[in-house]
Amino acid sequence: MNVALWIVACLLAAAYLLGGALKVVAPKERIAAAGPSGHWVEDFSPGGVKAIGAVEVLAAVGLVLPAVLGIAPVFVPLAAVGLVLLMAGAAAVRWRRREYRLVAVDAVYILLAAFVAWGRFGPEPFLN
């Protein structure tokens, strides 16, 4: 179970680090032009998109770094809970925009982050 939690946390961290960094550095118009999965930015200001990206980068760091360093590893499941909440918001935006297939993708991210939160709060916590 511990290995599965590490794998999922690292995959989530990589995805959110890359996606969040893109949102921080790329203009809103470039994200929207990337395809249907980027059209959500039309509902947000450029600063809002960058803020969402910054939250994603911080969550990515929080999924891995505290456990690796052994400093406040309770931040790992807290970061995972934060991602569940962030992706619930993303799913709500996509639902409102009638982007139902992308809601399913968001649901997968929610389930993966919830798995990490459950696993690290429950059966496989980091013990100091």
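For the structure, see preceding data.
What you see is a predicted model, and the numbers here were worked out from it, not measured in a lab. (Residues numbered from 1 in each chain as written. Predicted model: local features only at pLDDT ≥ 70, side-chain atom pairs only at ≥ 80, totals over all residues. Heavy atoms only, no water.)

Draft legend 1. Broad picture of the overall build of the protein. A count of helical and extended segments in the protein gives 5 helices and 0 strands. In terms of overall dimensions, the protein is globule-like: its C-alpha atoms have a radius of gyration of 15 Å, near the 14 Å expected for 128 residues. Taking the principal axes of the C-alpha coordinates as reference, the protein spans close to 45 × 25 × 20 Å. Here the contacts in the protein between residues at least 6 apart in sequence split such that 68% fall between residues at least 24 apart. When the accessible surface of the protein is split by element, carbon and sulfur atoms take 74% of a total near 7100 Å². Between the averaged position of the 10 positive side-chain charges in the protein and that of its 7 negative side-chain charges there is a distance of 2 Å. (Helix = DSSP H or I, 4+ residues; strand = E, 2+ residues; numbered from the N terminus. Rg over C-alpha atoms; globule rule 2.2 N^0.38 Å. Contact = heavy atoms within 4.5 Å. Areas by Shrake-Rupley, 256 points an atom, 1.4 Å probe, with all protein chains shown as cover. Lys, Arg positive; Asp, Glu negative; His and termini not counted. Charge placed at Lys NZ, Arg CZ, Asp CG, Glu CD.)

Draft legend 2. Fine view of the pattern of salt bridges. Inspection of every chain in the model, using the stated rule, returns 7 salt bridges. When the shortest N-O distance is used, the salt bridge between Arg-96 and Asp-43 registers 2.7 Å. Taken as a pair, Arg-96 in helix 4 (residues 75-96) and Asp-43 in the loop between helix 2 (28-33) and helix 3 (46-69) lie far apart in primary sequence, 53 residues in all. Where Arg-97 meets Glu-99, a salt bridge forms, and the shortest distance between an N and an O atom there is 3.0 Å. Several salt bridges share partner residues, and in doing so they unite Glu-42, Asp-43, Arg-94, Arg-96, Arg-97, Glu-99 and Asp-106 into one network. (Salt bridge = Lys/Arg side-chain N within 4 Å of Asp/Glu carboxyl O.)

Draft legend 3. Structural view of the packing of aromatic side chains. The final tally for this structure, using the stated rule, is 4 aromatic pairs. Centroid distance Tyr-16 to Tyr-109: 5.6 Å. Interplanar angle 65 degrees. Geometry classified as edge-to-face. On the criterion of sequence distance, the pair formed by Tyr-16 in helix 1 (residues 2-25) and Tyr-109 in helix 5 (residues 100-121) is long-range, its members being 93 residues apart. (Phe/Tyr/Trp six-rings, centres within 6.5 Å; stacked < 30°, edge-to-face > 60°.)

Draft legend 4. Looking closely at helix 3. Taking 1.5 Å as the rise per residue, helix 3 with 24 residues should run 34 Å; its terminal C-alpha atoms sit 34 Å apart, in good agreement. Considering bend angle alone, the principal kink of helix 3 is centred on Gly-62 and spans about 35 degrees; proline Pro-66 follows within four residues of it. For helix 3, the complete set of buried residues consists of Val-49, Ile-52, Gly-53, Glu-56, Ala-59, Ala-60, Gly-62, Leu-63, Val-64, Pro-66 and Ala-67. Along its buried surface, helix 3 packs onto helix 1, helix 2, helix 4 and helix 5. Downstream of helix 3 by a residue or two, Gly-70 has a phi angle that is positive, lying close to 70 degrees. (Expected span 1.5 Å × (residues − 1). Bend = angle between axes of the 7 residues up to and from the residue. Buried < 20%, exposed > 50% of the residue type's maximum accessible area, 1.4 Å probe, protein only.)

Draft legend 5. Examining the environment of Ala-91 more closely. Among the structural elements, Ala-91 can be located in helix 4. By relative accessible area, Ala-91 is classed as buried at 12%. Sequence-distant contacts of Ala-91, that is, excluding residues within four places in its chain, are made with Val-103 and Asp-106.

Draft legend 6. Examining the packing of helix 1 against helix 3 more closely. The interhelical angle for the contact between helix 1 and helix 3, taken along N-to-C directions, is 150 degrees, at an axis separation of 7 Å. Taken together, the axis directions place helix 1 and helix 3 in an arrangement best described as roughly antiparallel. You can see that helix 1 and helix 3 cross each other, and the crossing is left-handed. Classifying every residue of the contact of helix 1 with helix 3 gives 19 nonpolar, 3 polar and 3 charged. (Axes fitted to C-alpha atoms, helices over the stretch in contact; angles between N-to-C directions. Parallel < 35°, antiparallel > 145°, perpendicular 65-115°, else oblique. Left-handed = near helix turned anticlockwise from the far one by under 90°. Nonpolar A, V, L, I, M, F, W, Y, C, P; charged D, E, K, R; others polar.)

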